[in-house]
Structure formats: structure tokens, C-alpha cells
Amino acid sequence: MSAPSRLALVPFLSVAGMMRLVHAIGIEPFLVELAEEIEADFRRWPAFDKTPRIASHSDVGVIELMPTSDGETYGFKYVNGHPANMKRGLQTVTAFGLLAEVETGYPVLLSEMTILTALRTAATSAMAAKWLAAPGGTEAMALIGNGAQAEFQALAFRAVCGTREVRLYDIDPAATAKCAANLAGRGLRVVSCASAEEAILGAGTITTVTADKQYATILTDNMVGAGVHLNAVGGDCPGKTELHRDILLRSQIFVEYPPQTRVEGEIQQLPPDHPVEELWQVIAGQAPGRRDARAVTLFDSVGFAVEDFSALRYVRRRLAETGLAQQLDMIADPDDPRDLFGMVMRAA
């Protein structure tokens, strides 16, 4: 059997390769550059095919496909969300993604995205806060939910928004201790708190990133003061929320893609015609964003395919500079495109 041709090979970035790439670039520069990539794609939002993610729900979690294309490149992500996995020693979220040329349909990158999803989620959160938080509102952040996403969020806010203090709370003290230990020596003042109420003291930004698939009330209305920016990350599927409805009713709400967020985000608690603003329009200069310094702004973040597309394109570009990708023999390439059978038989 002959060696696979160049056309048969698809660049592949493994988990080990992704970790090496993050270290080669540096995690904070990686987050800054990724936020810039996502922001650039938000500026050209109308160029993308957009559809709510294709979800298969069960009593224990969800499995989803998230596709999009800008007409030149197609991308999709496979991702799951299974909150009970942690008790079994498994990740709550796992993912992989692919980019392909629209012109030929041939894949140009296959990548792990469990780590990359954590990075792009954090980069998107910080990018949104840069545009929506009140002046000085990102200097101190409350981070409620200290699981797998927490450190990425904290470092993205430090790198993109200049956050100096992060105030941690989780219902599991071990998660807070883990997060505090991981953030030690990274240029942040880390305060471990005994309650959500303590965590929000003095915080101009509050990020909620919890995992349970249920209607939860992580924040009540009386906990959110004037001028605060809320970054609601944990609610990302039907039946899963973090904020009391009354908070939503007095907030300026910003979303990625309304048809998806109305089903999966915090605003699933509201009537389907409740007014929301699209973040891409703020970034593109088509909408004003925050009304005034005392307004409560909410980024109802559920994660959208364009962000994954941006992350995969960023990784593909940086891989070209590092040589960290492996080459997988994934595409059958017979000498005669019509003779796939002959290729199989000649391999004996």
C-alpha cells in the first residue's frame, strides 16, 4: 500500500498539541489575540450563515452541533454538556471542531475543542465586558462558580480588561481552593469568599459560570446594584438559568444570536418579544451599548458558532507558525476520482 498523498492529509491538533500551543504563545497573549479574532468576526457578523445549534437533549445533558460559514470557510463544533459527569471523574463539557474549504468541501483542520472552548468562552466574556461594563467596572470581578471555566475567565479579564481583583465563590469550597491556587502568582488579587453575597462586594462585574442543568437562582435582584455588568455564562440550554427574573427586567440585555438565546439563555424566562440588543451591533458601531454609568448591563452568553469559527481560524493560523499539528490520513484520494473501489482493492 502506498503512502497517503498530500490531499489525503488533514492537519490535526490534539489535546497535547493544544496545550503546547497555549504554552508557546502564552495563555494571556493567546486570550488577547483570540478576543481580537472574535471581535473582528463580530464586526462582519452579516457575512456568516447563522442558525441555532442543533441540540439533542436528554435528562442528563445535551449533545450539540454548532455550524457556520462565511462563504469561504465552513466550520462546526461538536460539544456536550453533562453536569453530572464531574461526579464520575469526567469533564462536564467535551468538544472537537473542524474547518473546511467551501470551494471543495475538503477539511483543512480537525482540532480538540474542550480546551479551546474554555479559552474562547473566556475571551468572548472579556470582549463583551470591554464594550459593556461601566468605566472602571472591570477592576474587580466576582466569579461565582469556580469549576473548569473559572481560571480562564479570570485570566481573560485580567488580560483584556485590566481586572486586578477577582472574588471567588462556589458552593463547593474545594473548587474555590483549586481556583485560588491555580491563580496564585498570576498578577491578580484573589479573594476567596464564603458566600455569593460576600463575593459581589465592591465588584463592578459579576460573572456566573455554574454547571447544574436546572432553573437556579445564583443571583437575586437585591444583590445587583446600579452600574454593575453581569456576565451570565452558565445558562446555555433550555431549563438552565442562573439569574432571578427580576434582574432581567431591569437590565440592558445583550445577546449573541437572539433565536438561540431566547431558547437557551437567561431570557428564556421572559416573553419571546422582550427587547434585547445584539452584541455585534455594538461592536460594529450600529448600536450604542450601555446607556449610562448606572445602568445594569447583562451579557446573556450561551456561546455561538461564530465564536468557535473564530477560534478555529485563529488556531489554524498560529499552527502554521509552530508546526505543532499532526497530519491525519482522512480523505480517500484515488488516482481516478471515479475509481474509489479500485483504490480499495489495490490496497490488499
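Look a little higher up for the structure.
All values reported here derive from a predicted model rather than from experimental measurement. (Residues numbered from 1 in each chain as written. Predicted model: local features only at pLDDT ≥ 70, side-chain atom pairs only at ≥ 80, totals over all residues. Heavy atoms only, no water.)

Draft legend 1. Highlighting the overall build of the chain. Helix and strand counts for the chain come out as 11 helices and 17 strands. A compact globule built from 348 residues would reach a C-alpha radius of gyration of about 20 Å, and the chain, at 21 Å, matches this within 12%. Each of the three principal axes of the chain carries a C-alpha extent, and together these read 70 × 45 × 40 Å. Across the 348 residues in the chain, those meeting the buried criterion constitute 53%. In the chain, 71% of the contacts between residues at least 6 apart in sequence involve partners at least 24 apart. Accessible surface, the chain: about 15500 Å² in total, of which carbon and sulfur atoms supply 55%. The chain carries 31 positive and 42 negative side-chain charges, and their two centres are separated by 3 Å. (Helix = DSSP H or I, 4+ residues; strand = E, 2+ residues; numbered from the N terminus. Rg over C-alpha atoms; globule rule 2.2 N^0.38 Å. Buried < 20%, exposed > 50% of the residue type's maximum accessible area, 1.4 Å probe, protein only. Contact = heavy atoms within 4.5 Å. Areas by Shrake-Rupley, 256 points an atom, 1.4 Å probe, with all protein chains shown as cover. Lys, Arg positive; Asp, Glu negative; His and termini not counted. Charge placed at Lys NZ, Arg CZ, Asp CG, Glu CD.)

Draft legend 2. Geometry of the sheet that holds strand S17 (residues 326-329). Spatial ordering of the open sheet is given by S2-S3-S4-S5-S6-S1-S17, a layout of 7 strands whose pairing is mixed. Strands with a single pairing partner mark the edges of an open sheet, and in this sheet they are strand S2 (54-57) and S17. Strand-to-strand twist across the sheet, computed as the mean angle between neighbouring axes with direction ignored, equals 20 degrees. Relative to strand S3 (residues 62-69), S2 is paired through 4 bridges, and the arrangement is antiparallel. Residue pairing in the sheet places His57 in a bridge with Val62 of S3. Those strands touched by helix H3 (residues 114-132) are S3, strand S4 (73-81), strand S5 (95-101) and strand S6 (107-112), and its axis lies near 90 degrees from that of S6. (Pairing = 2+ DSSP bridges. Axes fitted to C-alpha atoms, helices over the stretch in contact; angles between N-to-C directions.)

Draft legend 3. Local environment of the pairing of S5. Of all 7 residues in S5, 5 are buried, a share of seventy percent or more. Relative to S6, S5 is paired through 5 bridges, and the arrangement is antiparallel. When the bridges of S6 are listed, Leu98 appears paired with Leu110. Counting the residues in the hairpin turn of S5 and S6 gives 5 residues, including Gly105, whose phi is positive at 80 degrees.

Draft legend 4. Quick look at the sheet that holds strand S10 (residues 205-208). One open sheet holds the 8 strands; their spatial order is S9-S8-S7-S10-S12-S16-S14-S15, and the pairing between them is parallel. The open sheet is flanked by strand S9 (189-192) and strand S15 (277-278), the only strands paired with a single partner. In terms of strand pairing, strand S8 (residues 165-169) meets S9 through 4 bridges, oriented parallel. Counted as the bridge partner of Arg167 is Val191 from S9. In this fold H3 packs onto strand S12 (229-232), strand S14 (251-255) and strand S16 (296-300), with an angle of close to 155 degrees to the strand it touches most, S16. Running at roughly 160 degrees to S8, helix H5 (residues 173-183) makes contact with S8 and S9 of the sheet.

Draft legend 5. Geometry of helix H4 (residues 150-161). Relative to the 16 Å expected for 12 residues at 1.5 Å per residue, H4 spans 16 Å between its end C-alpha atoms, a close match to the ideal helical length. Those residues of H4 not exposed but buried are Ala150, Glu151, Gln153, Ala154, Leu155, Ala156, Phe157 and Cys161. (Expected span 1.5 Å × (residues − 1).)

Draft legend 6. Structural view of helix H10 (residues 305-322). The first and last C-alpha atoms of H10 sit 26 Å apart over 18 residues, in line with the 26 Å expected at 1.5 Å per residue. Every buried residue of H10 is listed here: Ala305, Val306, Glu307, Asp308, Phe309, Ser310, Ala311, Leu312, Tyr314, Val315, Arg318 and Leu319.

Draft legend 7. A look at the packing of helix H2 (residues 27-43) against H10. Contact geometry for H2 and H10: axes closest at 9 Å, N-to-C directions at 125 degrees. Relative to H10, the element H2 is oriented oblique. Handedness of the crossing formed by H2 with H10: right-handed. Of the residues in H10, those touching H2 at Phe30, Glu33, Leu34, Glu37, Ile38, Asp41 and Phe42 are Val306, Glu307, Phe309, Ser310, Ala311, Arg313, Tyr314, Val315, Arg317 and Arg318. A per-class count over the contact of H2 with H10 returns 9 nonpolar, 1 polar and 7 charged. (Parallel < 35°, antiparallel > 145°, perpendicular 65-115°, else oblique. Left-handed = near helix turned anticlockwise from the far one by under 90°. Nonpolar A, V, L, I, M, F, W, Y, C, P; charged D, E, K, R; others polar.)

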